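# Chain and residue survey
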Amino acid sequence: HSSLVEAEAPAALFALCGNQDGDCRRLATMAIANLSANPSTRLTRGGGLQVVIRLLGDEDRTCRDYACLCLANMMSKSANTQKQVVAHGSLFHLKRQALSGSVPATISLVNIIAHRVNHETVMKENGVFGDLVNLSRSPEMRARDVSAYAIANLTSTYVPEI
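Since this is a predicted model, take the numbers as computed values, not measurements. (Residues numbered from 1 in each chain as written. Predicted model: local features only at pLDDT ≥ 70, side-chain atom pairs only at ≥ 80, totals over all residues. Heavy atoms only, no water.)

### Regarding the overall build of the chain
- From N to C terminus, the chain includes eleven helices and zero strands.
- Listing the helices and strands of the chain from first to last along the sequence gives α-α-α-α-α-α-α-α-α-α-α.
- For the chain, the residues scored as buried account for 43% of the 162 residues in total.
- When contacts within the chain are restricted to residue pairs at least 6 apart in sequence, those whose partners lie at least 24 apart make up 64%.
- For the chain, the accessible area works out to roughly 8,300 Å², and carbon and sulfur atoms hold 53% of it. (Helix = DSSP H or I, 4+ residues; strand = E, 2+ residues; numbered from the N terminus. Buried < 20%, exposed > 50% of the residue type's maximum accessible area, 1.4 Å probe, protein only. Contact = heavy atoms within 4.5 Å. Areas by Shrake-Rupley, 256 points an atom, 1.4 Å probe, with all protein chains shown as cover.)

### Observations concerning the nonpolar core
- Counting 39 residues, the largest nonpolar core has Ile32, Leu71, Val85, Leu94, Ile112 and Leu132 as its most contacted members.
- A per-element tally of this core places helix H5 (residues 61-75) first, with seven residues.
- Apart from residues lying up to four places away in sequence, Ile112 is in contact with Met75, Gln82, Val85, Val86, Leu91, Leu94, Asn118 and Val122. (Core = buried A, V, L, I, M, F, W, Y, C linked by side-chain atoms within 4.5 Å.)

### Some thoughts on helix H7 (residues 91-99)
- Within H7, the full set of buried residues consists of Leu91, Leu94, Lys95, Gln97 and Ala98. Around the axis of H7, the buried residues are gathered within 165 degrees of arc, so they sit on the same side.
- Looking at the buried residues of H7, the elements they touch are H5, helix H6 (79-87), helix H8 (103-114), helix H9 (119-124) and helix H10 (128-135). (Arc of directions from axis to C-beta.)

### Section: the environment of Arg142
- Tracing the chain through its elements places Arg142 in helix H11 (residues 141-157).
- Taking the relative accessible area as the measure of exposure, Arg142 reaches 44% and is therefore partly exposed.
- Put simply, Arg142 and Ile107 are 35 residues apart on the chain and 9.5 Å apart in space, counted from C-alpha to C-alpha.

### What to know about the packing of helix H2 (residues 9-16) against helix H3 (residues 22-36)
- Where H2 meets H3, the closest approach of the two axes is 8 Å, and the angle between their N-to-C directions is 145 degrees. Note on packing geometry: the crossing formed by H2 with H3 is left-handed. Between H2 and H3, the contacting residues are Leu13, Phe14 and Leu16 on the first element and Cys24, Arg25, Ala28, Ala31, Ile32 and Leu35 on the second.
- Residue classes in the contact of H2 with H3 are distributed as eight nonpolar, no polar and one charged. (Axes fitted to C-alpha atoms, helices over the stretch in contact; angles between N-to-C directions. Left-handed = near helix turned anticlockwise from the far one by under 90°. Nonpolar A, V, L, I, M, F, W, Y, C, P; charged D, E, K, R; others polar.)

### Concerning the side chain of Ser138
- One can find Ser138 in the loop between H10 and H11.
- When near neighbours in sequence (up to four residues on either side) are disregarded, Ser138 contacts Ala143 and Arg144.

### Topic: the side chain of Asp65
- Mapped onto the fold, Asp65 is located in helix H5.
- On the basis of relative accessibility, which here comes to 18%, the residue Asp65 falls in the buried class.
- At 2.7 Å, the side chain of Asp65 forms a polar contact with the side chain of Ser102.
- When near neighbours in sequence (up to four residues on either side) are disregarded, Asp65 contacts Gln97, Ser102 and Pro104. (Polar contact = N/O pair within 3.5 Å; in protein donor to acceptor, adjacent residues only side chain to side chain.)

### Looking at helix H4 (residues 48-55)
- Among the eight residues that make up H4, six are buried, leaving the element largely enclosed by the rest of the structure.
- Along H4, the residues that are buried comprise Gly48, Leu49, Val51, Val52, Ile53 and Leu55.

### Digging into the packing of H4 against H5
- It is the contact of H4 with H5, at a shortest axis distance of 8 Å, that shows an interaxial angle of 140 degrees. The way H4 lies across H5 gives a crossing that is left-handed. Of H5, the residues touching H4 (which contributes Gly48, Leu49, Val52, Ile53 and Leu55) are Cys63, Arg64, Ala67, Cys70, Leu71 and Met74.
- In terms of residue class, the contact of H4 with H5 is made up of nine nonpolar, one polar and one charged.

This is the structure in structure tokens:
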């Protein structure tokens with residue numbers, strides 16, 4: 001993986017993510033997801049995070065799912081990246097994807113919720129908590145498990161002002 005990064009392959013992948021061809025965008029996003037799974041090649045710098053956040057709104061569902069997987073990988077163990085994803089307004093897209101049954105989007109929401117600093121923002125985001133409750137009733141077992149974990153994490157530390 002590191003040799004690909006050193007050869008500046010990520011810049012080419014980021015450019016391909018803007019291609020008009022859906023297959024090209026999908027495969028480039030899948031490659032970024034694979035690279036971002038490795039801690040030494042998370043690709044959060046050099047425009048990677050912004051490219052992936054933009055892909056959350058792509059017309060192609062598979063591309064959006066890969067973008068959610070990228071974010072889940074990029075946010076893994078990085079509170080700073082989690083805060084950046086929230087600051088760039090990604091909750092709306094992640095919530096929409098999660099409600100459509102996307103497990104990668106639900107996992108991304110869990111990663112955001114894992115960091116305490118995001119709890120207040122998540123609770124104030126229109127309907128996220130209720131949507132997590134709805135996801136906990138999903139026919140998809142993985143979505144139920146992940147959303148239940150998110151609810152437990154969120155409610156264990158968030159205390160609203162009275």
